[in-house]
Each structure stands twice: as C-alpha cells, then as structure tokens.
Amino acid sequence: MKPKVHTAVHTAVRTERDGDVLVIIIDNPPINAGSLEVRRGLLQAIDMLQTTPGLQAGVLIGSGNTFMAGSDLREFGKPLGPPELPTVIAAIEACSRPVVAALHGAALGGGFELALGCDARVAMLGTVVGLPEVGLGIIPGAGGTQRVPRRVGVARAIQMICSGERIPSGKALELRLIDAAVDTDVRGAAIAHARSLAGRKCRIRDEEVPEDNPAAIESAVQSALRAGKHRPAVVAAVEAIRASLQLPIDDALADERVVFQQLRQSAEAFALRHQFFAEREAMKLTQAVMTAPRPVQSVAIIGAGTMGSGIAISALDAGLDVILLEQDEAALRRGRERIGEHYGSRVASGKLKVSAAQDNESRLTPSTDWAHLRRADLVIEAVFEDMAVKQSVFAKIDAHARPGAVMATNTSYLDVDAIARITSRPQDVLGLHFFSPAHVMKLLEVVRGAETAADVVATGMELAKRLHKQPVVTGNAFGFIGNRIYNAYRKQCEFMLEDGAWPEQVDAALQAFGMAMGPFAVADLSGLDIAWRMRQAQAATRNPNERYVAILDHLCEQGRLGRKTGTGYYTYPDGKRSAATDETVRGIIEQASVDRGIERRLLNNAEIQRRALLAMVNEAARLLAEGVAGRATDIDVVMVQGYGFPRWEGGPVFWARQQGLAALQAAMDELAHANGGDFVRGDLAVLMA
Ligand code: NAI
C-alpha cells in the first residue's frame, strides 16, 4: 500500500489518497451540513478524481461522527449560491470513475441525496438515512424523489418521503437504499467496495422504477394526503414521486428542482424553519442556569395514575431505573398493569423486541414503601392536582429522599413555590410538567421556582434530553406557559358561543386552521369536571368584572361531563362524536346569550380563527412581559408541541409577526371591543422579532 498523500482541496472538504482510491472527506462540523463551502469543495474533489492519473475510484465520507446529516437550513431562506447540490450530484454521475459513499451517523436530506447520487452506499450498522424535507415544508430537491423510487418503488417512496421517515441501516439494506452494512471500519469497507467495482459505474438514475401494484400506490397516496392535509409540500412530494413513473429522469429532476425552489420560499417553509430553530433554541440553557446537571440514573415516580405510569414508561425507555410509589396496593397494581399492557402491546405489534421489553420492565420497582426513595436521584410527583395532597406528599419526599436529590412536581397549575416551601430544601424543587400521554407527547415544561437552584433546572433540561422530550423553561405562574395560553384561547372560544357560534362551528373553524382538534372536542375528551372544579375553587377570588361564561358549569350540573359520560358539548352515540351539538346544549348556550343580553349573530370561520389566535397572542405578550416565558419563540414551541397548534403555521408568535404590529394592534382593538368585560391587553411590541 502506498503512503497516503494529503491534499487540501477546500476548507470544508479534504482529500486523501489510499492507493488508487481518492477519499473525499466532508469536514464541516458539527454535522457536516451541506453548505456552499462543502458543495464547492466536493465539486473540486470530483474534478480531481476525474483528472488525476492513477486514480480508479472515489470514496465519499464524513469526518467526525456522521456523514452529511442535512443541509444548512440558514441557507434556505436566501438565494442558494452556485454550485447547487444537483450540480455536485450530476458531476459525480458524470465522472467516469465510480464513487462509493461511506455512511455513518446520519445521512439525511441533502446528505442522503448525495449518497444516492453515488455508485454505491456502504453504511456502518446504526446509521440512519432519510429524507425529512417535507417536515420543513419543502420536497427533496436534489433527486431524492427520483432515485428513492428507483430503489424502493413508488408506493414505499411516497410513504417514506411524505412522512420524513428515518430508516436505520438494517431496514435500509433490506430496502436497497444502501448496498452494504458493516460493523466496523466503514472507510476501509467502502474503499474495498470501490476497488471491487473495477471502474464500473452503477448509477441509480439508470435503473428502472420497479413495478408497483397500482392499488398499493393509490393507498400510499391517499394515506399521505390524509396525514398531510393543509400541507402543500406533501402534495408536491406525491406528485414529484409519481413523475418518476411518467417522465424521463432529467425532466423529472428539473421539475423537482423548480418545485423545491418555489416551496423553500413558501409561507409554510418559513414557518417550519422558524419552529425548527425555536425548538433548538428552547433546548439551550440560558446564562442564568448554565451549569452542569446533577447525575441521574434512578428516578422515583409518586402516583401511578395516568401521568405517573406514562412518565415511568418514558423513563424506562430511556434506560433509567424507576421506582414507582403509590398510596395503596390496589392503585399500585393498576399502575403496574398499565405499564405491563403498554409493553405487551408494543411487543405484540412488533414495535419492540421481547428482550427489550423485559429489560425495561426489569428496571421497574413498584412499591408502597417510601424507604425506596432514598435510592432516587430524582423524584417526580404525579399525585392528584390538589395543593394539600401535594404538600403532604412533598413533606414525605423531604423526609425520605437523600440529600441532593432533585424533587419535581408534575402539577398542571399549582404554585411550585408553595409546594417547594413545605420542604427543607426548596432549592432542590422544580416543576416538570409532562403532557398526556406522557410517553408519547414531546413537550416538557421545566418550571423554575423562586428558589430553584441553577443545577436543578439544568438537571430538568438534561432529563428532557434523555427522555427525548422537547424542554421549555418557564417561570412559576398559574398554568405556566401552555395552560395559561390555552385557557385564554378556550375562554375566547366560550365568548364566541355566547356571541352566536355553536361548538361544532368553532371546532370546525379551528380545525380548518390546522389545530389538531377543536377546543370543545378537546374539553369533552379531557372531561369537563376538571375545569368545573377549578372554576369552583377560583370563584371566590375571580375578578367580578371578568366576562365569565357559565355554559360549562351548566353542562356539568346536568351530568354532561364529556366523553366519559356519553355527553358534554357533544353527544357520543355508540362512543363516536356526533357531528353537531344537541338541542339541550343549544338551549343552554342560547340562554347564556340571553342572560348576557347578546343578540346571537353568525360568526364566520375567519372571525373565529382570528379571535382565537388573537387571544393566544395577547396572552403570549403578557407571559413574555411577566418573564414567565424567557423567549417569545419558546411560546411557539409549547403551543406546537403540547397543544396541537399546527406546526406549519409556526406558532402564535410567528403568526403574530406575520400580521405586522400595526395590523395586529388594530385587530386587538376589535377583540377588546368584542370581548367586553375586563380585557387585559398585552404589549404586543414585545412579540415582534
Ligand atoms: P390520576 O388520578 O390518574 O393519578 C393520580 C395517582 O396518584 C393515583 O393513582 C393516586 O392513587 C395517586 N396518589 C394520590 N395521592 C397519593 C399519595 N399521597 N401518595 C401516593 N400516591 C398518591 O391523575 P393524573 O391525571 O395522572 O394527574 C396527576 C398529576 O399530573 C396532576 O397534578 C395533574 O394535574 C398532572 N397532569 C395531568 C395531566 C393529564 O392530562 N391527566 C397532564 C399534565 C399534568
């Protein structure tokens, strides 16, 4: 073997010679994102491969711990400088010497398209590949929609690209998205593979699209469009992939690029990029809490109800040891069974191996003996939402937990400081507000109390990362960020009932905007009695000038507690929600209008959507001014990740910014007028970027 010759090609791309193979190394830390520098460097390296005598093949690899894990998203809002990625891929395909991609870590988006433009792909086991572009409001723009179907067929390509599926190496090999997988030395394996090609080109572009059953294609199209309604990128991706069957590849590639260029400047793509950056920002520790977290391996969860068992599953899945404590054996058994059923069904559906489920469950210690608390590094309380109960539980935690253990409450609304003060160590207490179902929902509000230590907040953030959650730090205020905004939104929707709308109209208008569910359907699902109890608890302290809508109270008085009683805002014949509210509910609503002296009028979709959004925006401005939210964009993360706000609308703050301050102020004047009562205006200027 000849000694390696190191040649600097470009700052972001290096080349090394391994005998007759040119190893092209993308070196753009941290994820080797495909920037302009990288593309220029690659083009030069391919030219070197083509023109240097004695070379037989090239290998394309990423430095550090990944291949190219995506494109540089900051470039996406601006004109892309030449060369663009399709030019680089075209150069690889036009090069008479084969190029093998050596994949490790992740090959996503433009990175995977680059790999698909090579003559073969050799991957380290554990590599993930995929085309997540649709999640950013665009379509793959460098051949992904044409080369993927040539390997997996149109139906599977639609499924993969429209969902942004990340495919692990084993599955990718089965699907022929990669050509070989190795468990060590991917560079060496790719070099050997490159030599074995003996100068032969094997371009995916020259392959036929395999024949698919038309019914399978149609079913993939229908399910992608169903999941992607409201989403222009999904529709465009379906069309682009289908074109692989109809058009010569160069025409289809040209069309794909045009659509990609249009979409990257679309409102949807801007909103999705905003949300992407907002999520990343929310994960960062602010200066005030920039410190090392406390180590956590053992978590105690108190209360094995809906939330406690979900949190336990999430912690077990993350490899933590879980102690599950309950007040009595029967409740403990129910919680234990819930967890067991969860793992049972994941195994039955093939989503989890039996051995993995057994491993997870073996790390669970269910008990009613509080002495176990001593072993916990972190305690999460998830008992009833009642201050007295929570305080008595925290007094017990204080008595049993070891010094330095972090103590968290999963309260939805209660004052974290009042809970912390009951203990001898309020600096160790914080709120960790999970969302239901806790093993599914990504959002985690990390609530910083007045005395919470910086490293305790850092521990909450680190835990979120380990549980694969999206953390957002919030201050300690009624409902934190999410429930406070949601309350303002729901109240506004109740005003609209009094003003003339029916629940199904409000729900339909907000679903048309893109909310996952309408507020009244959500209320029925969660049970109206929770809100009813809270309203009763707040009755004595409520501002008498506040516009108070009593419809929900009247529904509860009639035993209409929501889905669980078969009636709420809607009726549920055979368990399914009827499309409309029934006469009883209409009667209650009409009476509420009469009581307030309102002549009912028709509200159209645009007004319903505007008022609901403005209510959220106003509350967002107030939360930011009060310091409950640290960053305006954190509010968008909370609403998208926890409350079904459409991701492709970017969140309420992004929406507000699109309106512009003057228009927003004018609309808010109107809302204040429509509200009547005591409407507290936020300073909207704080929301503007
Ligand atoms: P749940 O009623 O399903 O479970 C509460 C569990 O706590 C019960 O199993 C009960 O036996 C146990 N418990 C009560 N007192 C106890 C004590 N002294 N010692 C040990 N265990 C005790 O309630 P859920 O829905 O799980 O709510 C728990 C907490 O999570 C509440 O603070 C709630 O506000 C909050 N939360 C609930 C969400 C939801 O959607 N259900 C969402 C986010 C937070």
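Residues numbered from 1 in each chain as written. Predicted model: local features only at pLDDT ≥ 70, side-chain atom pairs only at ≥ 80, totals over all residues. Heavy atoms only, no water.

**Brief notes about the overall build of the protein chain**
And step 1. Of the regular secondary structure elements, the protein chain holds 27 helices and 18 strands.
And step 2. For 689 residues, the compact-globule estimate of 2.2 N^0.38 gives 26 Å, and the protein chain sits close to it at 28 Å.
And step 3. Dimensions of the protein chain, computed from the C-alpha atoms along their principal axes, are close to 85 × 60 × 50 Å.
And step 4. Here the protein chain, with 689 residues, has 55% of them falling under the buried criterion.
And step 5. In the protein chain, 74% of the contacts between residues at least 6 apart in sequence involve partners at least 24 apart.
And step 6. Accessible area of the protein chain: about 27700 Å², with a carbon and sulfur share of 55%. (Helix = DSSP H or I, 4+ residues; strand = E, 2+ residues; numbered from the N terminus. Rg over C-alpha atoms; globule rule 2.2 N^0.38 Å. Buried < 20%, exposed > 50% of the residue type's maximum accessible area, 1.4 Å probe, protein only. Contact = heavy atoms within 4.5 Å. Areas by Shrake-Rupley, 256 points an atom, 1.4 Å probe, with all protein chains shown as cover.)

**Quick look at the packing of helix 24 (residues 605-626) against helix 26 (residues 652-659)**
And step 1. Helix 26 packs onto helix 24 with a crossing angle of 105° between their chain directions and a minimal axis gap of 9 Å. By the angle between their directions, the pair helix 24 and helix 26 is classed as roughly perpendicular. In this structure, helix 24 uses Leu-613, Leu-614, Met-616, Val-617 and Ala-620 to contact helix 26, whose residues at the interface are Pro-652, Val-653, Trp-655 and Ala-656.
And step 2. Broken down by class, the residue content of the contact of helix 24 with helix 26 amounts to nine nonpolar, no polar and no charged. (Axes fitted to C-alpha atoms, helices over the stretch in contact; angles between N-to-C directions. Parallel < 35°, antiparallel > 145°, perpendicular 65-115°, else oblique. Nonpolar A, V, L, I, M, F, W, Y, C, P; charged D, E, K, R; others polar.)

**Topic: the pattern of salt bridges**
And step 1. One pass over the structure, following the stated rule, counts 48 salt bridges.
And step 2. Between Arg-242 and Glu-218 there is a salt bridge, and its shortest N-O distance comes to 3.1 Å. Within this pair, whereas Arg-242 is found in helix 9 (residues 232-246), its partner Glu-218 is found in helix 8 (residues 214-227), the two being separated by 24 residues in sequence.
And step 3. In this structure, the salt-bridge partner of Lys-564 is Asp-529, at a minimum N-O distance of 2.9 Å. Taken together, the positions of Lys-564 in the loop between helix 22 (551-557) and helix 23 (583-596) and Asp-529 in helix 21 (residues 528-538) put the pair 35 residues apart, joining distant regions of the chain.
And step 4. In this structure Asp-529 comes out as buried when scored by relative accessible area, which is 14%.
And step 5. Each of Glu-498, Asp-499, Arg-547, Arg-596, Arg-601, Glu-607 and Arg-611 takes part in salt bridges that share partners, so that together they form one network. (Salt bridge = Lys/Arg side-chain N within 4 Å of Asp/Glu carboxyl O.)

**Quick word on helix 2 (residues 85-94)**
And step 1. Listed in full, the buried residues belonging to helix 2 are Leu-85, Val-88, Ile-89, Ile-92 and Glu-93. Mapping the buried residues of helix 2 onto a view down its axis gives an arc of 140°, with all of them on the same face.
And step 2. Buried positions along helix 2 lie against helix 1 (36-51), strand 4 (57-62), strand 5 (99-103), helix 3 (110-116) and helix 4 (144-152). (Arc of directions from axis to C-beta.)

**Notes on unusual backbone geometry**
And step 1. Cis geometry is adopted by the peptide bond preceding Pro-30, which originates at Pro-29 and carries an omega value of 5°.
And step 2. With respect to the helices, strands and loops of the structure, Pro-30 is situated in the loop between strand 3 (21-26) and helix 1.
And step 3. Cis geometry marks the peptide bond from Ser-436 to Pro-437; its omega dihedral reads -5°.
And step 4. Counting through the fold element by element, Pro-437 comes out in the loop between strand 16 (429-433) and strand 17 (443-448).
And step 5. The backbone of His-468 sits at a positive phi, close to 60°, despite the residue not being glycine.

**Quick notes on the domain arrangement of the protein chain**
A common measure of how large an interface is: the accessible area buried when the components associate.
And step 1. One can read the domain layout of the protein chain as domain 1 (4-264), domain 2 (296-476) and domain 3 (483-687).
And step 2. Centre-to-centre, using C-alpha coordinates, domain 1 lies 42 Å away from domain 2. (Domains from an automatic or database assignment.)

**Observations concerning the pairing of strand 17**
As a general feature of sheets, a regular strand has side chains that alternate between the two faces.
And step 1. The element strand 17 is extensively covered by neighbouring structure, given that five of its six residues are classed as buried.
And step 2. Here strand 16 pairs with strand 17 via three bridges, running antiparallel. For His-433, the partnering residue across the bridge sits in strand 17 and is Glu-445.
And step 3. The β-α-β motif built from strand 17, the intervening helix 17 (residues 454-466) and the parallel element strand 18 (residues 470-475) has right-handed crossover chirality. (Pairing = 2+ DSSP bridges. Right-handed = clockwise from strand over helix to strand, strands pointing away.)

**Here we look at the site of the ligand**
And step 1. Taken together, 22 residues are adjacent to the ligand, and Met-307, Glu-326, Glu-385, Lys-390 and Ser-412 come closest.
And step 2. One of the side-chain nitrogen or oxygen atoms of Glu-385 is found 2.5 Å away from an oxygen atom of the ligand.
And step 3. In this structure, Ser-412 approaches the ligand through a side-chain N or O atom, which is 2.7 Å from an oxygen atom.
And step 4. In the complex, 78% of the free accessible area of the ligand, which totals 830 Å², lies under the protein chains.
And step 5. Of all the secondary structure elements, the ones that give two or more residues to the shell around the ligand are helix 12 (306-317) and helix 15 (387-400). (Near = heavy atom within 4 Å. Polar contact = N/O pair within 3.5 Å; in protein donor to acceptor, adjacent residues only side chain to side chain.)

**Quick word on the sheet that holds strand 8 (residues 128-130)**
And step 1. The three strands are arranged 6-8-9 in an open sheet whose pairing can be described as mixed. Of all strands in the sheet, those with a lone pairing partner are strand 6 (106-108) and strand 9 (166-168), marking the two edges. Each neighbouring strand pair of the sheet contributes to a mean axis angle of 20°, computed without reference to strand direction.
And step 2. Where strand 6 lies against strand 8, three bridges are found, and the strand directions are parallel.

**Some thoughts on the state of the cysteines**
And step 1. Taken as a whole and assessed by the stated rule, the structure comprises zero disulfides.
And step 2. Free cysteine: Cys-95, not disulfide-bonded; nearest cysteine sulfur from Cys-118 at 10 Å.
And step 3. Among the cysteines around Cys-493, which has no disulfide bond, Cys-556 carries the closest sulfur, lying 17 Å off.
And step 4. Residue classification places Cys-493 among the buried positions, given a relative accessible area of 0%. (Disulfide = S-S within 2.5 Å.)

**Section: the pairing of strand 18**
And step 1. Taking burial as the measure, the six residues of strand 18 include five buried ones, the bulk of the element.
And step 2. Bridge count for strand 17 against strand 18 is six bridges, and the pairing is parallel. Each bridged residue has a counterpart across the sheet, and for Glu-445 the counterpart in strand 18 is Val-472.

**Some words on the packing of helix 25 (residues 632-643) against helix 26**
And step 1. Direction vectors running N to C along helix 25 and helix 26 enclose 125°, while the axes themselves pass 7 Å from each other. In terms of orientation, helix 25 lies oblique with respect to helix 26. Contact residues: helix 25 offers Ala-632, Thr-633, Ile-635, Asp-636 and Met-639, while helix 26 offers Pro-652, Val-653, Phe-654 and Arg-657.
And step 2. A class-by-class count of the residues in the contact of helix 25 with helix 26 yields six nonpolar, one polar and two charged.

**Some words on the packing of aromatic side chains**
And step 1. According to the stated counting rule, one finds eight aromatic pairs in the structure shown.
And step 2. When the centroid spacing of 5.4 Å and the interplanar angle of 80° are considered together, the rings of Phe-435 and Tyr-643 count as edge-to-face. Remark: Tyr-643 occurs in helix 25 and Phe-435 occurs in the loop between strand 16 and strand 17; sequence separation between them is 208 residues.
And step 3. Classification of Phe-435 as buried rests on a relative accessible area of 8%. (Phe/Tyr/Trp six-rings, centres within 6.5 Å; stacked < 30°, edge-to-face > 60°.)

**Concerning the sheet that holds strand 15 (residues 406-409)**
And step 1. The strand order across the open sheet built from eight strands is 13-12-11-14-15-16-17-18, with neighbouring strands paired in mixed fashion. Two strands close off the open sheet at either side, each with one partner strand: strand 13 (364-367) and strand 18. Strand-to-strand, the axes of this sheet are offset by a mean angle of 25°, without reference to chain direction.
And step 2. Note: strand 14 (residues 378-381) against strand 15, four bridges, orientation parallel. Bridged to Val-379 within strand 15 is Met-407.

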